[in-house]
Structures are given as C-alpha cells and as structure tokens.
Amino acid sequence: MSSAMTLSPDPNAHPPESRRDAARERIETETGIDEAMIARLVDGFYDRVRADSLIGPIFDARIRDWGPHLAQMKLFWSSVALMSGVYHGRPMPKHLPLPVDGRHFDRWLELFRATARELCPPAAADHFIERAQRIAESLELGIAGANGVLLRKGERYVRPTEAWVPPQSSDQ
C-alpha cells in the first residue's frame, strides 16, 4: 500500500483567471483606472519624455516608430496597474544596455508623477506612482548589477564616467 496521498482540488479555490478578474474589478472600483485612463497616461507621459532634455535623447536614439512602443507600454501598464496579464514582454533585458543611472530614473519618475497627478484622480495617480517607483527601483538595481555594482539599501547607481585622456598632438 502506498503512503502517498492524493490531494483533491480545493472546491473553494478560484482559477487564476477568476482571481485576476476579481483583482482587476476591485482595482477599477477603488481607483477608477480603466484602459482609457491608461492610454491617456501613457500618451501624456511619453509626450513629456520625448520633449525632455535628459531622457528624451535616450528614447529618441532607440525608438523610430512610436506607435508600436506606445501600444506595448499600454499593455505593460494594463498588466501592472490592473493585473490584466496582457503584457508578456521582458523589460529588464531591454533596459540593461541603456546608458542610464539613478539620475535618469529620478527624471523618469518626476515626469511620470507629474503626468499621473495631472491626468488621473488621486487614488489612480497614487496607484500608478507606487508601481512606477517599484519599477524604477527594480530596473536601477538590475542595471547596476549588470554593471558589476551591488547597491545596498538606499544607495543609488551612478554610471562611472570614462577617464578623459587628452588627445595626443600630431606634432609630438
């Protein structure tokens, strides 16, 4: 006789889709966030990003067609803010090669906060901003680690500046 037990499914357990739907409904009710609000936030935020002198050039150097990028960001924020599960990308590998550090994440957050506060009701803005802060922290930690820097709690990643060597004069 085998001593292994077979566990029967919990009749009160809900499938993942059901839990996701319930979470989404709760978030929508508590914050007022919906797909239209996400679209306005993403469009407004990236308008600011593109005009920004610090982080705009980083995006400009990598994104030629903004339509697909904005569509992906709307899916991303739907998954992050509403737990919709519609985004299936991997943000970290896309961010690792970028020439960014804590200053860039601070600016990204500053623009994001301003956009969320301007375009969203307070509960929705708070919800978005809390998640944006976690995302920025995670990306900054990942980029630091990929560059051989282990950040301690409260430390920020500062990209090392290349040592400047004056060019050799051709008459030497």
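The shown structure was predicted, so the numbers you read here are calculated from the model rather than taken from an experiment.

Asker: Tell me about the overall build of the chain, and name the residues and values.
Answerer: Each helix and strand in the chain was counted, giving 7 helices and 0 strands. Expressed as a percentage of the 172 residues in the chain, the buried residues total 34%. The long-range share in the chain, meaning contacts at least 24 apart out of those at least 6 apart in sequence, stands at 72%. As displayed, the chain offers around 11,500 Å² of accessible surface, 56% of which is attributable to carbon and sulfur atoms.

Asker: So what's going on with the environment of Pro93? Which residues, and what values?
Answerer: For Pro93, the location among the structural elements is in helix 5 (residues 91-95). A C-alpha to C-alpha distance of 9.7 Å links Pro93 and Leu139, two positions 46 residues apart in sequence.

Asker: I'd like a description of the environment of His88, backed by residues and values.
Answerer: Mapped onto the elements, His88 comes out in the loop between helix 4 (66-82) and helix 5. The exposure class of His88 is exposed, given its relative accessible area of 68%. Separated by 16 residues in sequence, His88 and Gln72 have C-alpha atoms that sit 9.5 Å apart. Of note is the side chain of His88, whose polar atom sits 3.2 Å from the backbone oxygen of Gly85.

Asker: If you had to explain the layout of surface pockets to someone new, which residues and values would you point to?
Answerer: Volume-wise, the largest pocket comes out at about 590 Å³. Secondary structure elements with two or more residues in the lining of the largest pocket: helix 3 (56-60), helix 4, helix 5, helix 6 (102-119) and helix 7 (122-146). If one sorts the elements of the lining of the largest pocket by residue count, helix 4 sits on top with 5 residues. For the lining of the largest pocket, the residue count by class is 17 nonpolar, 4 polar and 2 charged. Of the pockets and cavities examined, the second largest pocket occupies roughly 310 Å³. Contributing to the lining of the second largest pocket are 15 residues, with Glu137, Glu140, Gly154, Glu155 and Arg156 lying nearest its centre. Those elements that place two or more of their residues in the lining of the second largest pocket are helix 6 and helix 7. Broken down by element, the lining of the second largest pocket gets its largest block of residues, 5 residues, from helix 7.

Asker: Can you tell me about the nonpolar core, naming the residues and giving the values?
Answerer: Among the nonpolar cores identified, the biggest contains 42 residues, and Ile33, Tyr46, Trp77, Trp108, Phe112 and Phe128 are the most heavily contacted of them. At the level of elements, helix 2 (35-51), helix 3, helix 4, helix 6 and helix 7 are the ones that each hand at least two residues to this core. Broken down by element, this core gets its largest block of residues, 10 residues, from helix 7. Filtering out sequence-adjacent residues up to four positions away, Trp77 remains in contact with Ile38, Val42, Leu82, Trp108, Phe112, Phe128, Arg131, Ala132 and Ile135.

Asker: Help me get a handle on helix 2, residues and values and all.
Answerer: Counted at 1.5 Å a residue, the expected span for helix 2 with its 17 residues is 24 Å, and the 25 Å between its end C-alpha atoms agrees. Residues of helix 2 that are buried sit in contact with helix 3, helix 4, helix 6 and helix 7. For helix 2, the N-terminal capping position is held by Asp34, with its side-chain oxygen 3.3 Å away from the main-chain nitrogen of Ala36.

The rules behind the values
- Residues numbered from 1 in each chain as written.
- Predicted model: local features only at pLDDT ≥ 70, side-chain atom pairs only at ≥ 80, totals over all residues.
- Heavy atoms only, no water.
- Helix = DSSP H or I, 4+ residues; strand = E, 2+ residues; numbered from the N terminus.
- Buried < 20%, exposed > 50% of the residue type's maximum accessible area, 1.4 Å probe, protein only.
- Contact = heavy atoms within 4.5 Å.
- Areas by Shrake-Rupley, 256 points an atom, 1.4 Å probe, with all protein chains shown as cover.
- Polar contact = N/O pair within 3.5 Å; in protein donor to acceptor, adjacent residues only side chain to side chain.
- 1 Å grid on protein atoms, 1.4 Å probe; cavity = no way out; pocket = protein on both sides within 12 Å on 5 of 7 lines; lining within 4 Å.
- Points joined across faces, edges and corners; volume = space filled by probe spheres on them.
- Nonpolar A, V, L, I, M, F, W, Y, C, P; charged D, E, K, R; others polar.
- Core = buried A, V, L, I, M, F, W, Y, C linked by side-chain atoms within 4.5 Å.
- Expected span 1.5 Å × (residues − 1).

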